[in-house]
Amino acid sequence: MKTISTSNVFKIAAIISYIIGYIYLKFVLCQDLFGVYGQSVWMLIFAVLFILWTESFAYLLGNTYQKLKENGKSVVEPVIFMICVLLQSIAACVYGLHRDWDIYQLLIWHGTIIYYVMCRMGILAAGRSGIFFLTDCFTGAVMVPISNFLLRARKLFHKEGKPEDEEKDFLAPDDEEEKPKNKDLGIIAVSVVVAIIVCAIAISQLVGVSKTFAGISEGFVDFWVNIFSADSIAEFFEETFPIILLSIPFGCWLYALVAGSLTKEVVSAKELEEETEIFHTLPSYSAYIIIGSVCALYGIFFISAFIDLLNGNIATTAHEASEYAVGSFWQLVRVVVLNMAIMGASCFVSKEALWTQKKTRILATILFVFALAFALLAAFQLGVYIVGYGFTPRRILSSWVVVNIVVWCVLILVRLYKQISAAQIGILFAAATFSIVVLGNF
């Protein structure tokens, strides 16, 4: 048995990427983004083909799930994000893109595909989802594809050498013969021409013997005549050929994403920690000042809100309450996101994490108790609006946002006192719940 070389694996994957790029441009991008929104089986077809291509590519180059596990990478995350891609594609296939948030649905679908590739190739910054989530997204969407955009051309036209270390454990049938030389190719071409002529003569003699055979022959001839007719050729150059040309850069981008992720040098979690150590400069008293000030501001806000409640400065009708809910919902959400940004920044710039010292842990707890209160207040206001006016696609999306924010706040509060992978759980929860929500018929 003879193995298929790494070079040939890259070439085969490059050829397949032309087909996948064409399907993406013609049937996904043009039909679903620039076309009429509706049920589209092509998003599901593309997702299945892309996943099969990615999995095969990784496996043939030895990047198996077992190897991910041996290298300390998460083997659960790529499976979860693969399922999320399929669920979102099924939703688009069954219901189409949901009204009023179709753009968000498309963006998240693309982002999920990119993040799945990052997880599958094991190139997430910390080896799994975490506080480097935004960095990983930028790396997958921009850095890896752009830096490897010409990789397909290099791999496709690369002349294969024969170093032994290039061989992989993918078995192919024994074939000790050398590649056909120019003479052999000429003989094959002449043989094919002769075969066509002989078959044509035989068909002309047999059509008078069997009516069924005559019908089959006529249909076969008509098929090829239609393909090479003037109208078919004109239609090809007017409609299909431009799409083929335009699909080339899309295929390059997809190949750059997958192949570039496979060839990207992976930084271990320990090396990453050492590289980011220079950013850990702020002492603990800076947290007292920043977080303390924010907490004091939040305290004043809630006291003011309580005074408004005592003085009756609240909405008295359902309409007023609904209008107030719409006006303040996203402000509350942004305040909670600000709190999370403070926590995330502290992980990068503080000398010690907020949960390692008692005083900073108490401050962080107060901060996220306020954050949870804001999130619950936003949920209450959204609930008031939904009770008054019912569900719409936008309100369903807003509900998903609020639920995730509440869960993230709870996860951070737990993380302050118990060592859990809060960021990873939060990211997986968001991906899974969104993929489930889009399956709804609304």
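Note that the structure is a prediction, hence the values are computed from the model and not measured.

K.L.:
Please set out the overall build of the protein chain residue by residue, giving values where relevant.
P.N.:
What the protein chain contains, in helices and strands, is 16 helices and two strands. Sorting the 442 residues of the protein chain into buried and exposed places 37% on the buried side. Partitioning the contacts of the protein chain with sequence separation of at least 6, the portion at a separation of at least 24 is 82%. As displayed, the protein chain has an accessible area near 25500 Å², and 69% of this comes from carbon and sulfur atoms.

K.L.:
Outline empty space enclosed by the protein, supporting the account with residue identities and numerical values.
P.N.:
For the structure on display, the rule yields one cavity of 30 Å³ or more. In this structure, the largest cavity encloses a volume near 40 Å³. If you go around the largest cavity, the residues you meet are Lys 73, Ser 74, Glu 77, Cys 119, Gly 122, Ile 123, Leu 124, Gly 127 and Arg 128. Taken together, the residues of the lining of the largest cavity break down into three nonpolar, three polar and three charged.

K.L.:
Report on a nonpolar patch on the surface, specifying residues and quantitative values.
P.N.:
A contiguous nonpolar patch, built from Tyr 18, Ile 19, Phe 241, Ile 244, Leu 245 and Ile 248 and spanning about 490 Å² of accessible area, is present on the exposed surface. Going through the elements one at a time, α1 (6-33) and α10 (230-263) are the ones with two or more residues in the nonpolar patch. With four residues, α10 is the single largest residue contributor to the nonpolar patch. Assignment of secondary structure puts Ile 19 in helix α1. For Ile 19, a relative accessible area of 52% puts it in the exposed group.

K.L.:
I'd like a description of helix α15 (residues 393-415), backed by residues and values.
P.N.:
Between its first and last C-alpha atoms α15 spans 33 Å; for 23 residues at 1.5 Å apiece the expected length is 33 Å, and the two agree. Taking burial as the measure, the 23 residues of α15 include 17 buried ones, the bulk of the element.

K.L.:
So what's going on with the side chain of Ser 435? Which residues, and what values?
P.N.:
Structurally, Ser 435 is set in helix α16 (residues 422-437). A distance of 3.5 Å separates a polar atom in the side chain of Ser 435 from the backbone oxygen of Cys 84.

K.L.:
Report on the nonpolar core, specifying residues and quantitative values.
P.N.:
Within the largest apolar cluster, 51 residues are counted, with the highest numbers of intra-cluster contacts made by Phe 46, Phe 50, Trp 53, Phe 57, Phe 81, Trp 109 and Tyr 255. Counting residues per element, this core draws most heavily on α1, at 11 residues. Other than its neighbours up to four places away in sequence, Tyr 255 contacts Phe 10, Ala 13, Ala 14, Ser 17, Trp 53, Phe 57, Leu 151, Arg 152, Lys 155 and Gly 260. Ranked by size, the runner-up nonpolar core spans 39 residues in total, among them Trp 101, Ile 405, Leu 416 and Phe 434.

K.L.:
Can you lay out the pattern of salt bridges for me, pointing to particular residues and giving the numbers?
P.N.:
Side-chain pairs of opposite charge can arise where the charged atoms are in close proximity. Applying the stated criterion across every chain yields a total of one salt bridge. In this structure, Arg 120 and Glu 55 form a salt bridge, with 2.9 Å as the shortest nitrogen-oxygen distance. Within this pair, whereas Arg 120 is found in helix α5 (residues 102-121), its partner Glu 55 is found in helix α2 (residues 41-60), the two being separated by 65 residues in sequence. In this pair, the class of Arg 120 matches that of Glu 55, namely buried.

K.L.:
Go over the packing of α2 against α5, please, and point to the residues and values.
P.N.:
For the pair α2 and α5, interaxial distance at closest approach is 11 Å and the crossing angle is 15°. With respect to α5, the axis of α2 lies roughly parallel. Seen from above, α2 lies across α5 with right-handed handedness. Each of Met 43, Phe 46, Phe 50, Ile 51, Thr 54, Glu 55, Ala 58 and Tyr 59 in α2 lies in contact with α5, whose residues at this interface are Leu 106, Trp 109, Ile 113, Tyr 116, Val 117, Arg 120 and Met 121. The class makeup of the residues in the contact of α2 with α5 is 12 nonpolar, one polar and two charged.

K.L.:
Residue-level account of the packing of aromatic side chains, with values.
P.N.:
In total, this model carries 18 aromatic pairs according to the counting rule given. Residues Trp 101 and Phe 434 carry aromatic rings whose centres are separated by 5.8 Å and whose planes lie at 75° to one another, so their mutual orientation is edge-to-face. Linking Trp 101 in the loop between α4 (76-95) and α5 with Phe 434 in helix α16, this pair joins segments that are 333 residues apart in sequence. The class of Trp 101 is buried, set by a relative accessible area of 1%. Here a set of aromatic residues connected by ring pairs shows up, and it is made of Phe 10, Tyr 24, Phe 46, Phe 50, Trp 53, Phe 57, Trp 109, Phe 250 and Tyr 255. The lysine or arginine in question, Arg 120, covers the ring of Tyr 65, its NZ or CZ lying 4.2 Å from the ring centre.

K.L.:
I'd love a proper account of helix α6 (residues 133-147), names of residues and values included.
P.N.:
Helix length check: α6, at 15 residues, gives a terminal C-alpha distance of 20 Å against a target of 21 Å (1.5 Å per residue), a fit within 8%. In the structure, α6 departs most strongly from a straight axis at Thr 139, where the bend amounts to approximately 45°. Turning to α6, its buried residues are Asp 136, Thr 139, Gly 140, Val 144 and Pro 145.

K.L.:
Pulling in residues and values, what's your account of the environment of Leu 87?
P.N.:
Within the secondary structure, Leu 87 sits in helix α4. Separated by 351 residues in sequence, Leu 87 and Val 438 place their C-alpha atoms 8.2 Å apart. Setting aside its immediate chain neighbours within four residues, Leu 87 contacts Ser 435 and Leu 439.

K.L.:
Break down the confidence of the model for the protein chain for me, citing the residues and quoting the values.
P.N.:
For the protein chain, the average pLDDT comes to 79, and 73% of its residues sit at 70 or higher. Scored below 50 in pLDDT, residues 162-180 makes 28 contacts in the model with residues more than four places away or belonging to other chains.

K.L.:
Residue-level account of the side chain of Gln 424, with values.
P.N.:
In this fold, Gln 424 is placed in helix α16. Its relative accessible area of 13% is what places Gln 424 among the buried residues. For Gln 424, the contacting residues outside a window of four places in its chain are Ser 74, Glu 77, Arg 128, Ser 129 and Gly 130.

K.L.:
Tell me what's going on with the packing of α15 against α16, and back it up with residues and numbers.
P.N.:
Axis separation between α15 and α16 bottoms out at 10 Å; the angle between their running directions is 160°. Accordingly, the angle class assigned to the pair α15 and α16 is roughly antiparallel. Between α15 and α16 lies a crossing of right-handed hand. Every residue of α16 that contacts α15 at Ile 396, Leu 397, Trp 400, Val 403, Asn 404, Val 407, Trp 408, Leu 411 and Arg 415 is listed here: Ala 422, Ile 425, Gly 426, Phe 429, Ala 430, Thr 433, Phe 434 and Val 437. Residue classes in the contact of α15 with α16 are distributed as 13 nonpolar, three polar and one charged.

Reading guide: rules and limits
Residues numbered from 1 in each chain as written. Predicted model: local features only at pLDDT ≥ 70, side-chain atom pairs only at ≥ 80, totals over all residues. Heavy atoms only, no water. Helix = DSSP H or I, 4+ residues; strand = E, 2+ residues; numbered from the N terminus. Buried < 20%, exposed > 50% of the residue type's maximum accessible area, 1.4 Å probe, protein only. Contact = heavy atoms within 4.5 Å. Areas by Shrake-Rupley, 256 points an atom, 1.4 Å probe, with all protein chains shown as cover. 1 Å grid on protein atoms, 1.4 Å probe; cavity = no way out; pocket = protein on both sides within 12 Å on 5 of 7 lines; lining within 4 Å. Points joined across faces, edges and corners; volume = space filled by probe spheres on them. Nonpolar A, V, L, I, M, F, W, Y, C, P; charged D, E, K, R; others polar. Patch = residues over 30% accessible without salt bridge, like charges linked within 9 Å, V, L, I, M, F, W, Y side chains within 5 Å. Salt bridge = Lys/Arg side-chain N within 4 Å of Asp/Glu carboxyl O. Expected span 1.5 Å × (residues − 1). Polar contact = N/O pair within 3.5 Å; in protein donor to acceptor, adjacent residues only side chain to side chain. Core = buried A, V, L, I, M, F, W, Y, C linked by side-chain atoms within 4.5 Å. Axes fitted to C-alpha atoms, helices over the stretch in contact; angles between N-to-C directions. Parallel < 35°, antiparallel > 145°, perpendicular 65-115°, else oblique. Left-handed = near helix turned anticlockwise from the far one by under 90°. Phe/Tyr/Trp six-rings, centres within 6.5 Å; stacked < 30°, edge-to-face > 60°. Lys NZ or Arg CZ within 6 Å of the ring centre and 35° of its normal. Bend = angle between axes of the 7 residues up to and from the residue. pLDDT = per-residue confidence, 0-100.

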